[in-house]
Amino acid sequence: MRKIKLILLFCTVFLSILLLTGDKDRIQADDDDSNFTNLVVFARFAGETEFINDVYEGSSVRKITDNSYNAGSYSVGDYYRCVSDNKLRMRSVYLYDNGGSIVLSHPRGYYAEYSDINTIGYKDASERASRMYELRQEWSEAVNNAISSGNKISDYNDTVYYDYGVLDKDNNGAIDSITIIYKNNESGNISVSWSSPLWNYTDYVNNISVNTGKKTINSYKYVQITNSYCKPDGDTNGYLFKDEDDRVFVSIATAVHEMGHIMGLKDLYNSKNASPVYFMSVMAKHISPVPQFMSLKEKEVLGWADENDIKTILSEGEYSLKALGTSGTDNITGYKMDIPEKGKTLYLEYRNFEDNGNKYDSQYKHMFKINGNRVDKIPLKSGLVCYLIDSDTKFPSNMYFSSPKWNYEVLGGQYNTKADAALGIGEDIWIYGDIYISVNSIENNILTFEIKGGIPEHIHSGGVATCVNRAVCEVCHKEYGGLNKDNHKLQHVEAKAATVTQEGNIEYYYCSLCLKYFADSNASKQIDKDSVVTSKLAPEIIAGDKCIIDKNSDKAITFKSNAAFSDFVKVELDGRELVKDKDYTVKAGSIIVTLNPDLIKKLSTGEHVIGIASSSGTASAHFTVKEPETESIKETETETESIKGTELETESIKESETETISQIESETISQYTFDENETNASSINTGDRNHGKLWLVIAIIALAGCIAAAVMYVVSKRK
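Keep in mind the model is a prediction, meaning the values are calculated, not measured. (Residues numbered from 1 in each chain as written. Predicted model: local features only at pLDDT ≥ 70, side-chain atom pairs only at ≥ 80, totals over all residues. Heavy atoms only, no water.)

Enquirer: Break down helix 5 (residues 253–263) for me, with residues and values.
Expert: Counting buried positions over the eleven residues of helix 5 gives ten, a clear majority of the element. Listed as buried for helix 5 are Ala253, Ala255, Val256, His257, Glu258, Met259, Gly260, His261, Ile262 and Met263. Phi turns positive one or two residues past the end of helix 5, at Gly264, with a value near 115 degrees. (Buried < 20%, exposed > 50% of the residue type's maximum accessible area, 1.4 Å probe, protein only. Helix = DSSP H or I, 4+ residues; strand = E, 2+ residues; numbered from the N terminus.)

Listed below in structure tokens is the structure:
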């Protein structure tokens, strides 16, 4: 019975270790190259059932969501990697509350407009604003409770956990992004209008606080979205889509647009839903279910395009550029030109909506409806797209503008969708004054155009000239003007005292541009480089001075200088340079010089001077060589005889101890007993010459014990 219990205990311990080890492995999330984290939180209103595990077309809501944000061929994360040229690498993670969605305290209708069907809804604009704020407070509190309850952030399947620190990838103290996904409205009785609390939008919230273990981070921008997975009759066709790998996903157009607001981009339509940009940017009117590329101007303000990608037009001529979002031998993706008279900047980009364009502009996408049919393409014209944007605008917006004074406007085209606005081969467009642009050729994603007419004279502006560089124009990025000999980039260097091993310096100012030295912070008094340095201190002997050695001694004599070993030059004895490795050896720490015994024997009796020379000076020491004394030799012989006598006495003692041990062995064997207390450890000779004897003694004692045991066994049997 006891054996069974021990086996069960062992199995329990083994399984516990195995489970703990497995859990440790499970919660370790794989590293990736992401630099932006989007926290996804599922939420349902009071009275609603759990929905994250509801299955549509063979996939759960949580899996459909992850396909739409992380895993799908067309996803929010993939979109921003593409448009940013891999500069923005997004990963979406999930926060569950005990494995499910967070639950809000009010029903859905509370946040919708009042009607005969929805009698708990808001009745006016004031109440709508109040409930919008209340909704934000509600889900924020629910998220805080989920975090404080110990729930971890994870992958969509709640099997891989992440450290809370990943929520702040740029280390600015704020969560990069939060996406709240509400349960889909199955009843269809609740209508949601533009600017409703339940509308899909981006906003700010600072109520969520997370302790990462290293610091506390707070919420900032968030997106809220309600997705539809099917019609009330269960038909998913038109609501769900599949990519070429059969992954089910929802329309990502709204999520991509709202994520653009997280980045800082503005709406390119106004409150009346009019748009002078429309299909030419995802921030205007997106092409569902997968949105088109964003414009070059938007890439520029987000830092995803710079002066190497966008060139400034300064004169008439022919120019070439590649299609936006495609690769090519020419890295120029656009041009711009200021028109000061209008306060506008002209941007030019090539958009290719054909099969060989970028995967989001191309209208031949590899995505399918649930019924298996390929998603229909929208007929968009490829070519050169011309924009006029207010010159002093960093993040352009059309929300508070209208025709004809748009902040951001696409020129040309007959349709309000701007589907035909791009210029094809042989087509031209009037820009302003005498400026005309025409397209000469389009081949292999490279478009060539010509600009002519009264190109405004470019006036260089911005930039700062220095003592070695002219100013660089902030528009055309070319140098202009002259040098500013008084504009230095000074570095202050404090005074430092010299030591034996290091040079010092006076206080001075150094220009990292012109490499000159100055005595003051105004750079009014230039000084020589050599004048700022103070020499090392002269070295000294710190060991060996005034030592005495016998002339015929076989001992070496050592001296130590406190100079740096790297500064060592030579060794002199009485003014004569010695030969290294013959007369002496030298090693580091600081400089350690050892005179060889053969050299000492050749020296005359009396005082000598050794000099250890280094680049910072020579450290000198005195030592005395004397003749050996006869009396000293006699004393040494006497000590030797005394030592020998002591050894003889010791040998006698050892022999006596050996005889004692032999006597004890004899008595023990005769009595068939062995008493450990009778053994005197101090009497055992542990010298090198007696190891054999010792082991022999031990063997005899052991044999005696065996014999004694055998005899006792026989005696007991006879009795």
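Enquirer: I'd love a proper account of the pattern of salt bridges, names of residues and values included.
Expert: Opposite charge on two side chains permits them to pair, given that their charged atoms come into close proximity. Using the criterion set out here, one finds 23 salt bridges in the structure. The partner of Arg247 in a salt bridge is Asp245, and the shortest N-O contact between them spans 2.9 Å. The partly exposed category is assigned to Asp245, whose relative accessible area is 48%. Put simply, Glu479 and Arg470 hold a salt bridge, and the shortest N to O gap is 3.5 Å. Through salt bridges with shared partners, a single ionic network connects Asp33, Arg81 and Arg89. (Salt bridge = Lys/Arg side-chain N within 4 Å of Asp/Glu carboxyl O.)

Enquirer: Outline unusual backbone geometry, supporting the account with residue identities and numerical values.
Expert: Here the residue pair Ser288 and Pro289 is connected by a cis peptide bond, since its omega of 0 degrees sits within 30 degrees of zero. Among the secondary structure elements, Pro289 is positioned in the loop between helix 5 and helix 6 (296–301). In this chain, Ser403 is followed by Pro404 through a cis amide linkage whose omega measures 5 degrees. Positionally, Pro404 belongs in the loop between strand 20 (383–390) and strand 21 (408–410).

Enquirer: Account for the sheet that holds strand 29 (residues 508–511), with residues named and values stated.
Expert: Hydrogen bonding along the main chain pairs the strands of a sheet, whether they run parallel or antiparallel. In space, the four strands of this open sheet follow the order 27-29-30-31, with antiparallel pairing throughout. The open sheet has two edge strands with one neighbour each: strand 27 (490–493) and strand 31 (526–527). Bridging between strand 30 (residues 517–518) and strand 31 involves two bridges; their strand directions are antiparallel. The partner of Tyr517 across the bridge, within strand 31, is Ile527. (Pairing = 2+ DSSP bridges.)

Enquirer: Run through the packing of helix 3 (residues 76–83) against helix 5, naming residues and quoting values.
Expert: Between two packed helices, what matters for the description is the angle formed by their axes and the separation of those axes. Two numbers describe how helix 3 lies on helix 5: the axes approach to 10 Å, and their chain directions differ by 55 degrees. Taken together, the axes of helix 3 and helix 5 are oblique relative to one another. Along this stretch, helix 3 crosses helix 5, giving a crossing that reads as right-handed. Between helix 3 and helix 5, the residues in contact are Val76, Tyr79 and Tyr80 and Ala255, Val256, Met259, Gly260 and Met263, respectively. Partitioned by chemical class, the residues of the contact of helix 3 with helix 5 number seven nonpolar, one polar and no charged. (Axes fitted to C-alpha atoms, helices over the stretch in contact; angles between N-to-C directions. Parallel < 35°, antiparallel > 145°, perpendicular 65-115°, else oblique. Left-handed = near helix turned anticlockwise from the far one by under 90°. Contact = heavy atoms within 4.5 Å. Nonpolar A, V, L, I, M, F, W, Y, C, P; charged D, E, K, R; others polar.)

Enquirer: Go over a nonpolar patch on the surface with me, naming the residues and quoting the values.
Expert: Together, Val192, Trp194 and Trp199 line one region of the surface with nonpolar side chains, adding up to about 280 Å² of accessible area. Within the fold, Trp194 resides in the loop between strand 8 (177–182) and strand 9 (201–204). What makes Trp194 partly exposed here is its relative accessible area of 46%. (Patch = residues over 30% accessible without salt bridge, like charges linked within 9 Å, V, L, I, M, F, W, Y side chains within 5 Å. Areas by Shrake-Rupley, 256 points an atom, 1.4 Å probe, with all protein chains shown as cover.)

Enquirer: For the side chain of Ser84, give the residues involved together with the corresponding values.
Expert: Inspection of the secondary structure puts Ser84 in the loop between helix 3 and strand 4 (90–95). Among the polar contacts listed, one links the side chain of Ser84 to the backbone oxygen of Tyr80, at a separation of 2.5 Å. Sequence-distant contacts of Ser84, defined by excluding residues within four places in its chain, comprise Lys299 and Trp304. (Polar contact = N/O pair within 3.5 Å; in protein donor to acceptor, adjacent residues only side chain to side chain.)

Enquirer: Which residues make up the nonpolar core, and what values go with them?
Expert: Core analysis: the largest hydrophobic core is formed by 68 residues, its most contacted members being Phe42, Val76, Tyr80 and Met294. Here this core takes five residues from helix 5, the largest share from any one element. Excluding residues that lie within four positions of it along the chain, Tyr80 makes contacts with Leu88, Met90, Val256, Met259, Gly260, Met263, Met294 and Trp304. Counting 35 residues, the second-largest nonpolar core is a separate cluster that includes Leu39, Val41, Ala112 and Val205. (Core = buried A, V, L, I, M, F, W, Y, C linked by side-chain atoms within 4.5 Å.)

Enquirer: Which residues make up the pairing of strand 17 (residues 334–339), and what values do they have?
Expert: Most of strand 17 is tucked away: five of the six residues are buried. Two strands pair when backbone bridges link them, and strand 15 (residues 310–312) and strand 17 are joined in this way by three bridges, in the parallel orientation. In the sheet register, Thr312 faces strand 17, and the bridge partner there is Lys336. Relative to strand 18 (residues 344–351), strand 17 runs antiparallel, the two being bridged by six bridges. Looking across to strand 18, one finds that Lys336 is bridged to Tyr347. In textbook terms, the turn of a hairpin is the stretch between consecutive antiparallel strands, and for strand 17 and strand 18 this stretch comprises four residues, one of which, Gly343, has a positive phi near 65 degrees.

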